[in-house]
Amino acid sequence: MRSRLHSLGIVLLAAAIAAGSESGLQTAFQSLLTAPDRMEPGERLAAKLVLTNTSDASATCEVSYSLQVDSAMFGGEPPDPLFGSDHALGARSWTEADGKTIEEGSLTDGKDYTDAETPWVRDHFSEAFQYVDLGHTRKITRISYLSGDANHSWKLDVAASPDGQAYTPVPELQGIDTFKKWGTVVLPLRGPVEARYLRLRHHHDGAKESIIRMPCRLSVYDGADDESWDLPAVGEIVGQGRTVVEIGGRSSNTAALTVDRPLAPGAYLLAVRLESGQWRQLVYHRVLVLPKALEKVTAESRFGINGANGDFAPLIRRLGVGWVRFENLKWPFVSPEPGVYRFDGTVKPWVVNHDAIFKAYADAGLNVLPFLFMTAGYASSAPTDVETNRRSFYPPKDPQQFAEFAFQVAARYGTRPHEPSLLKTADGVSGLGYLRVYEIWNEPNLTDPGWGPWVGTREQYLELLRAAAEAVKRADPSAKVTNAGYAGIQVKTVDPLQTHTYADGKRPLDFVDILNVHFYSGRTAPEIATDDFNANQSGETTAEEDFRRLAAWRDRNKPGMPIWLTETGYDSAGPYGTDERTQAARLPRVVMLALANGMDKVFVYRESGSQPSMHAASGLLRDDGAMKPSWLTYATLVRQLDGVEGRATRLPCKDDNCRLYAWQSGAQTILTAWTVEGDSRLDVNLGHATVTDAFGHERRMDLSSGLPLSIFPVYIRDFAEPQAVEALLGQARAEEAQRQEQRRRLAQAEAYLFNFGGEVPGVTLDVGRERPYQAVLAADVYTEEKGFGFSPGPAAENQDRAWIRSDLDRTACKLMKGHEFRFRAKAARYILRLGVSPYGDARVTIRGAAGGDKILDAAKGDAVVETTLDTTGAPLSISVDNYANLRWLAVVEQLSDE
């Protein structure tokens, strides 16, 4: 597959700049660099640079270029030929509100997806300040900003300072209207301003606002006279050249940029330097060289992708994944009226030809996981006033109607032929053998009527799940069934599969062959993420720990059942997005984190998409079909870990910012390493080893002195000094054995867990095993029989802060002065942690413990207080000397060696 050529038009200078101007430039050019975006391995680079002289006089332009291996996807920006480099990029910056620093770095980190905002406090903020330290005094000639959320930004004042102490307003930069000024805004600077520090004041002419949101990026320039125009050094040079181009006045000429060396798979940076007289410019272009196709993919592959377009089947096959999770096997798409099914693309207005798509996947050797989704209009239980486009997300009136849909799908595409009398298609075709696994619905725990994929109760979904699973098994007894992929990986999310019981005593888990979940860490690195923005879930544990807890839950409730993570990925734009570089770095890392911690397969979301809205920019291809760098980093991961078995072992690193994992593929050990953020070094003597970067470029290296690491993973194999790895593996195994022993002992410990203000199902704490929280409502009054409750009477009220992601922190009981919460605990030593929200700074008193009262200070707002206490078996009580909301209470026995 040979790529198309991508034309990148770069306007160097649109018009001649007269002699004596600020920059002193006297030549004007326009250029057009034409180079391939992607290439096949073994091809040679052939690029073309067209230079147009827009002035009347003839000119000579010297062109230098290099092609370098770009293992960490060089993120530098070339200086503007007129304005120079952006000196705000990487500079120190911070944000202040109410006299406090509330954030650091977002304005100058170069990331368009990070920005600062005040907390939300109703009608409170009259101003907020952002500061930038440029490092030394500069003669600033241009200032611009990228707006971010301009709906919550009104006016901007800019002041300058030489020392960060005394600031002088820049007269023409006062009261700048920023409201709904989208994109990049150039401030109307009339002349140079000398300053080291800049202060940006955001305000609304004295009006009190509930929140102020600030720009996501500031750019500051001081001209091009002091710039370095050297070609950047990013990696191994695989080709370079130099030529001189003569260009007549008002005419064009072409320079050929070629590299004779056949290119191996990987990412490359083509850097071009243009020079004519006093004028300079740098131009960068990225080239991706694809890996060779895997000889075969099978159902044993641990890698998949979400998709809906059969035309992409060859490209998915080239990617190397073994599975496609198909998004468009939707009931309305195949059944326009009761008793009628058509899979040939004749059902309007959708016209999805399932027969052709599944054949395309089969012809490419791909395995397909479809999720059977949505309700046909004629069967929807939606009230009559629900909009047409939302009716299909309501459950059917009878789950057996959905079961009939499931049967017809599995009969047609499964492995068993059926009598035509059982089929509701005109052609009576069955047993095509395209499908062997079926997913029932999608994300049924997202139930918002305005956008949720399931507008029904949990019980309604579980009834539909059983009905559909039984129908699939009737159609094809060899088929496997998975629950709808739940949004989120916390145990509480999947726990209803084992706690819910049907009328005959069976559980949903009895009808599920594969456990199915989704995880998105949004703009947060996957290694440190505790929130899942797609699931609207928040917690104290990282995704790594949640994956392990999920696997432990499986081991207790249905040992041997595979767990598939059928959605994960990163938007490269949009409200939850990062950028293409960050997407390319984090995507293989989140896949590895999941596999390393107990997931059996991982499906990336998704094949294509670059629109800046939630999940619409998560494609590995852009909307125009061009590859994002993440396509290559995922393809590399697939090839490097193809055939790995089970989990990986996380090895200890000296730097907590590093991640190092050991994987087993047969007798071979493979190491993967990267950083969470920034750069570091792997200080392990591996001797000579084969190192493959995130984009597939392979080389033999001497690692006796370690290896530089970045946010892009590297893959290390065939190392000459395995004893270093064995030592780390031994240490990791000993630490894991100690952890498991600790968990075994913790599983026997006493624990008293209370969640105040709401009956939120499935909320647990891992204390050696999952322990459920006891729901406590305001009406629960203490009795000896119950062993917990409020005294001397009920609490004031239950509260539900629906906007809080954490179930523990979302609900609360309002505790009045003079009231207390009481509970009994067996005599032992405990660690007590209380989530409390006083209405003002307060003191929390715990009575009934041995040795007298415990008094803890709690600040206004959401606080957590903690203490150790010994109990005698008598009731304990918790009171607050101010009005306060009790959110949760965890009292866990302290083991003797803690």
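Look above for the structure.
Now for a look at the structure at hand. Not measured: the values here are computed from a predicted model.

## Re the pattern of salt bridges
Pairs can form between side chains of opposite charge once their charged atoms are near each other.
Step number 1: If you walk through the whole model with that rule in mind, you get 57 salt bridges.
Step number 2: Salt-bridge contacts for Glu-527 lead to Arg-589; the nearest nitrogen and oxygen are separated by 2.8 Å. Taken as a pair, Glu-527 in the loop between β26 (515–518) and β27 (531–532) and Arg-589 in helix α10 (residues 580–596) lie far apart in primary sequence, 62 residues in all. Each member of the pair, Glu-527 as well as Arg-589, is classed as buried.
Step number 3: Residue Arg-586 is joined to Glu-677 by a salt bridge in which the shortest nitrogen-to-oxygen separation is 2.9 Å. Of this pair, Arg-586 sits in helix α10 while Glu-677 sits in the loop between β33 (668–675) and β34 (680–682), placing them 91 residues apart in sequence.
Step number 4: Among the residues examined, Arg-586 registers a relative accessible area of 3% and is labelled buried.
Step number 5: A cluster of three or more residues bridged by salt bridges with shared partners is formed by Arg-801, Asp-809, Asp-862 and Arg-887.

## Quick word on helix α9 (residues 543–557)
Step number 1: Its 15 residues place the ends of α9 21 Å apart at the C-alpha level, agreeing with the 21 Å of an ideal helix rising 1.5 Å per residue.
Step number 2: For α9, the tally of buried residues reaches 11 of 15 residues, placing the bulk of the element in the interior.
Step number 3: All buried positions along α9 are accounted for by Ala-543, Glu-544, Glu-545, Asp-546, Phe-547, Arg-549, Leu-550, Ala-551, Trp-553, Arg-554 and Asn-557.

## Considerations on the environment of Asp-355
Step number 1: Within the secondary structure, Asp-355 is located in helix α3 (residues 354–363).
Step number 2: Asp-355 sits 324 residues away from Ser-31 along the chain, and the two C-alpha atoms are 48 Å apart.
Step number 3: Here Asp-355 is in contact with Phe-343, Asp-344, Arg-412, Tyr-413 and Tyr-434, once residues within four sequence places are set aside.
Step number 4: Looking at Asp-355, its side chain comes within polar contact range of the side chain of Tyr-413, at 2.6 Å.

## Observations concerning the layout of surface pockets
Step number 1: Within this model, the largest pocket holds a volume of roughly 1300 Å³.
Step number 2: Around the largest pocket sit 39 residues that line it, and Met-73, Phe-74, Gly-75, Arg-286 and Arg-581 are the ones nearest its centre.
Step number 3: The element that contributes the greatest number of residues to the lining of the largest pocket is α10, accounting for 6 residues.
Step number 4: Considered class by class, the residues forming the lining of the largest pocket number 15 nonpolar, 9 polar and 15 charged.

## Topic: the nonpolar core
Step number 1: Grouped together as the largest cluster of nonpolar side chains are 125 residues, with contacts concentrated most on Tyr-461, Trp-631, Tyr-634 and Trp-663.
Step number 2: Counting 34 residues, the second largest nonpolar core, distinct from the first, contains Ala-842, Val-844, Ile-846 and Leu-886.

## Concerning the sheet that holds strand β15 (residues 217–221)
Step number 1: Strands sit in the order β13-β9-β15 across an open sheet of 3 strands; the sheet is antiparallel. The open sheet has two edge strands with one neighbour each: β13 (184–186) and β15. Taking each pair of neighbouring strands and ignoring which way they run, the sheet shows an average axis angle of 20 degrees.
Step number 2: Pairing analysis gives 3 bridges linking strand β9 (residues 142–146) to β13, with the strands arranged antiparallel. For Leu-146, the partnering residue across the bridge sits in β13 and is Thr-184.

## Some points on the side chain of Glu-544
Step number 1: Here Glu-544 lies in helix α9.
Step number 2: Leave out the neighbours within four places in its chain, and Glu-544 touches Glu-527, Leu-593, Asn-597, Arg-650, Arg-659 and Tyr-661.

## Describing the sheet that holds strand β30 (residues 601–604)
Step number 1: Spatially, the 9 strands line up as an open sheet ordered β24-β23-β22-β21-β20-β30-β29-β26-β25, and their pairing is parallel. At either end of the open sheet lies a strand with only one pairing partner, and these are β24 (480–483) and β25 (486–487).
Step number 2: As defined by bridge partners, strand β29 (residues 563–568) adjoins β30 across 3 bridges and the pair is classed as parallel. Of the residues in β30, the one forming a bridge with Leu-565 is Val-602.
Step number 3: Lying over the sheet, α3 contacts β20 (303–307), β21 (323–326) and β22 (367–372), oriented at roughly 165 degrees with respect to β21.
Step number 4: Packing against the sheet, α10 makes contact with β20, β29 and β30, and its axis sits at approximately 155 degrees to β30.

## Structural notes on the packing of aromatic side chains
Step number 1: This model, assessed by the stated rule, comprises 42 aromatic pairs.
Step number 2: Note on Phe-754 and Phe-788: the rings are 5.6 Å apart at their centroids and 50 degrees apart in plane angle, and the pair reads as tilted. Within this pair, whereas Phe-754 is found in strand β39 (residues 751–756), its partner Phe-788 is found in strand β43 (residues 788–791), the two being separated by 34 residues in sequence.
Step number 3: Each member of the aromatic cluster is reached from another via a ring pair, and the members are Trp-331, Phe-371, Phe-373, Tyr-378, Phe-393, Phe-402, Phe-405, Trp-441, Trp-454 and Tyr-461.

## A look at the packing of α10 against helix α11 (residues 629–641)
Step number 1: At a minimum axis distance of 8 Å, the contact between α10 and α11 shows a crossing angle of 25 degrees. Taken together, the axis directions place α10 and α11 in an arrangement best described as roughly parallel. Remark: the crossing between α10 and α11 carries right-handed chirality. When α10 is examined against α11, the residues Glu-580, Gln-583, Ala-584, Leu-587, Pro-588, Val-591 and Met-592 are found in contact with a partner set consisting of Pro-629, Ser-630, Thr-633, Tyr-634, Leu-637 and Leu-641.
Step number 2: Looking at side-chain class alone, the contact of α10 with α11 contains 9 nonpolar, 3 polar and 1 charged residues.

About the cut-offs
- Residues numbered from 1 in each chain as written.
- Predicted model: local features only at pLDDT ≥ 70, side-chain atom pairs only at ≥ 80, totals over all residues.
- Heavy atoms only, no water.
- Salt bridge = Lys/Arg side-chain N within 4 Å of Asp/Glu carboxyl O.
- Helix = DSSP H or I, 4+ residues; strand = E, 2+ residues; numbered from the N terminus.
- Buried < 20%, exposed > 50% of the residue type's maximum accessible area, 1.4 Å probe, protein only.
- Expected span 1.5 Å × (residues − 1).
- Contact = heavy atoms within 4.5 Å.
- Polar contact = N/O pair within 3.5 Å; in protein donor to acceptor, adjacent residues only side chain to side chain.
- 1 Å grid on protein atoms, 1.4 Å probe; cavity = no way out; pocket = protein on both sides within 12 Å on 5 of 7 lines; lining within 4 Å.
- Points joined across faces, edges and corners; volume = space filled by probe spheres on them.
- Nonpolar A, V, L, I, M, F, W, Y, C, P; charged D, E, K, R; others polar.
- Core = buried A, V, L, I, M, F, W, Y, C linked by side-chain atoms within 4.5 Å.
- Pairing = 2+ DSSP bridges.
- Axes fitted to C-alpha atoms, helices over the stretch in contact; angles between N-to-C directions.
- Phe/Tyr/Trp six-rings, centres within 6.5 Å; stacked < 30°, edge-to-face > 60°.
- Parallel < 35°, antiparallel > 145°, perpendicular 65-115°, else oblique.
- Left-handed = near helix turned anticlockwise from the far one by under 90°.

All we've got here are geometric facts, nothing functional implied.
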